[in-house]
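Single-letter residue listing:
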Amino acid sequence: MKNVSELTDFYYKNLFPTLEALEKERKQLRSRIIVFGVILTTIVALLASIFTDYINFIIFGYIAIGAILYKFLLKDYTKEFKQKIIRPLIHAIDKNLNYSESLHVAQSHFDKSDLFSTPDRFSGNDLVRGKIEDINIQFSDIHAEKKHRDSKGNTSYSTIFQGLFIISEFNKNFHGQTVVLPDTAQSTFGTLIGNWLQSKNMARDKLVKMDDPAFEKEFVVYSTDQIEARYILSHSLMKKLLLFKKKSKHPLHISFIGSHIHMAIEYNKDLFEPTVFSSLLDYKVAKEYVQTLHLAIGIVQELKLNEKLWSKI
């Protein structure tokens, strides 16, 4: 697997010329979207001034038509970006990785992770799967949502999770189930009250107290097997998780269940989608993606090194 500096060189030597061509397309697309937006808004404003009794219906139609039109205009541009930029970038990370832009991690994996509640609506794209240094891995963008219905029967959805969902498979089964979550209680209420609230979380297994104060400030651990949880979360792994938290600045959720490790990294956006209203030539977007994957894979590799240690449990 190439490191971040090697991928940066690949980006500028191999992908930048293609990005320059796509940047011209982006600017043209942006202009078309603005023109269509102005025309549609003018028509809707005119209709609303004439048919005042149907204002709610007109606004609904405006939003629906606008969304469909926007998606239609982006279709070819997005496909070209993923084929010419994302696919080569994935292969540059590791030649054993395969990319499928229309597929995503199965909901069954998401449900088995025990990281979030079961979603009522589940979607995603940009599935990557393969083997890195004898570790089976797959990941994709995921958007999981919960359905709500008000007293009038109106339906709405709220986001449970949106971001990058990663699964790695090991040859060894974990005896128990261990979950590592962002620690919001201590950061909000302080150590004393935060610890008490964590211990009273009836939706989770028994709270595991770790002997690393820095780790305890950022994460909370629940497990059905206290001893195994401490074997899994070695000092070196806790340091890697803290490094991930510091560098990525995105909430990280991890579970160790069966023969799998699940990692969910919240982005609240589709990580692989090209920008329309900002330049494609800015490397920070691609760099963020590459760095996130390197940090996540580093965590998996650390667990692989500790696999022999777990066999002593």
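Residues numbered from 1 in each chain as written. Predicted model: local features only at pLDDT ≥ 70, side-chain atom pairs only at ≥ 80, totals over all residues. Heavy atoms only, no water.

### A word on the overall build of the protein
Within the protein, the secondary structure is distributed over ten helices and nine strands. A total of about 17,000 Å² of accessible surface is found on the protein, and carbon and sulfur atoms cover 56% of it. (Helix = DSSP H or I, 4+ residues; strand = E, 2+ residues; numbered from the N terminus. Areas by Shrake-Rupley, 256 points an atom, 1.4 Å probe, with all protein chains shown as cover.)

### Some points on the pattern of salt bridges
On inspection of all chains with the given rule, the structure shows seven salt bridges. Salt-bridge contacts for Asp-126 lead to Lys-82; the nearest nitrogen and oxygen are separated by 3.1 Å. Of this pair, Asp-126 sits in strand E2 (residues 121-132) while Lys-82 is found in helix H2 (residues 55-93), placing the two residues 44 residues apart along the sequence. The burial state of Asp-126 is the same as that of Lys-82; both residues are buried. Among the salt bridges present, the one from Glu-216 reaches Lys-209, with a minimum N-O distance of 2.6 Å. Overall, Glu-216 belongs to the buried group, its relative accessible area being 9%. (Salt bridge = Lys/Arg side-chain N within 4 Å of Asp/Glu carboxyl O. Buried < 20%, exposed > 50% of the residue type's maximum accessible area, 1.4 Å probe, protein only.)

### Quick word on helix H1 (residues 4-50)
Between its terminal C-alpha atoms H1 stretches only 58 Å, short of the 69 Å expected from 47 residues at 1.5 Å a residue. The axis of H1 is deflected most strongly, by about 60°, at Leu-15, and proline Pro-17 appears within four residues downstream. (Expected span 1.5 Å × (residues − 1). Bend = angle between axes of the 7 residues up to and from the residue.)

### Points about the pairing of strand E3 (residues 135-149)
Direction of pairing for E2 relative to E3: antiparallel, over a ladder of ten bridges. Paired with Asn-125 across the strands is Asp-141, a residue of E3. Connecting the antiparallel pair E2 and E3 is a turn made up of two residues, with Glu-133 showing a positive phi of about 50°. In terms of strand pairing, E3 meets strand E4 (residues 155-169) through 14 bridges, oriented antiparallel. Bridge assignment links His-148 to a residue of E4, and that residue is Ser-156. The turn linking E3 back onto E4 is made up of five residues, and Gly-153 within it adopts a positive phi angle of 90°. (Pairing = 2+ DSSP bridges.)

### What to know about helix H8 (residues 235-248)
Every α-helical turn comprises 3.6 residues, leaving residues that sit three or four positions apart pointing alike. When the terminal C-alpha atoms of H8 are compared, their 20 Å separation across 14 residues agrees well with the 20 Å that a helix rising 1.5 Å per residue should span. Looking only at H8, the buried set comprises Leu-237, Met-238, Leu-241, Phe-244 and Ser-248. Viewed end-on, H8 has its buried residues packed into an arc of 115°, placing them on one side of the element. Away from its buried face, by an angle of more than 90 degrees, H8 presents the exposed residues Lys-239, Lys-246 and Lys-247. Directly beyond the C-terminal end of H8, a positive phi value near 60° is found at Lys-249. (Arc of directions from axis to C-beta.)

### Here's the deal with the confidence of the model for the protein
Here the protein averages 84 in pLDDT, while 88% of its residues score no lower than 70. A low-confidence stretch, residues 196-200 stays under pLDDT 50, and its non-local contacts, those more than four residues away or across chains, total ten contacts. (pLDDT = per-residue confidence, 0-100. Contact = heavy atoms within 4.5 Å.)

### Description of the packing of aromatic side chains
Inspection of every chain in the model, using the stated rule, returns ten aromatic pairs. Taking the centre distance of 5.5 Å and the plane angle of 5° together, the rings of Phe-110 and Phe-116 count as stacked. When its relative accessible area of 16% is taken as the criterion, Phe-116 is described as buried. The positively charged end of Arg-121 is found above the aromatic ring belonging to Tyr-157, 3.7 Å away from the centroid. (Phe/Tyr/Trp six-rings, centres within 6.5 Å; stacked < 30°, edge-to-face > 60°. Lys NZ or Arg CZ within 6 Å of the ring centre and 35° of its normal.)

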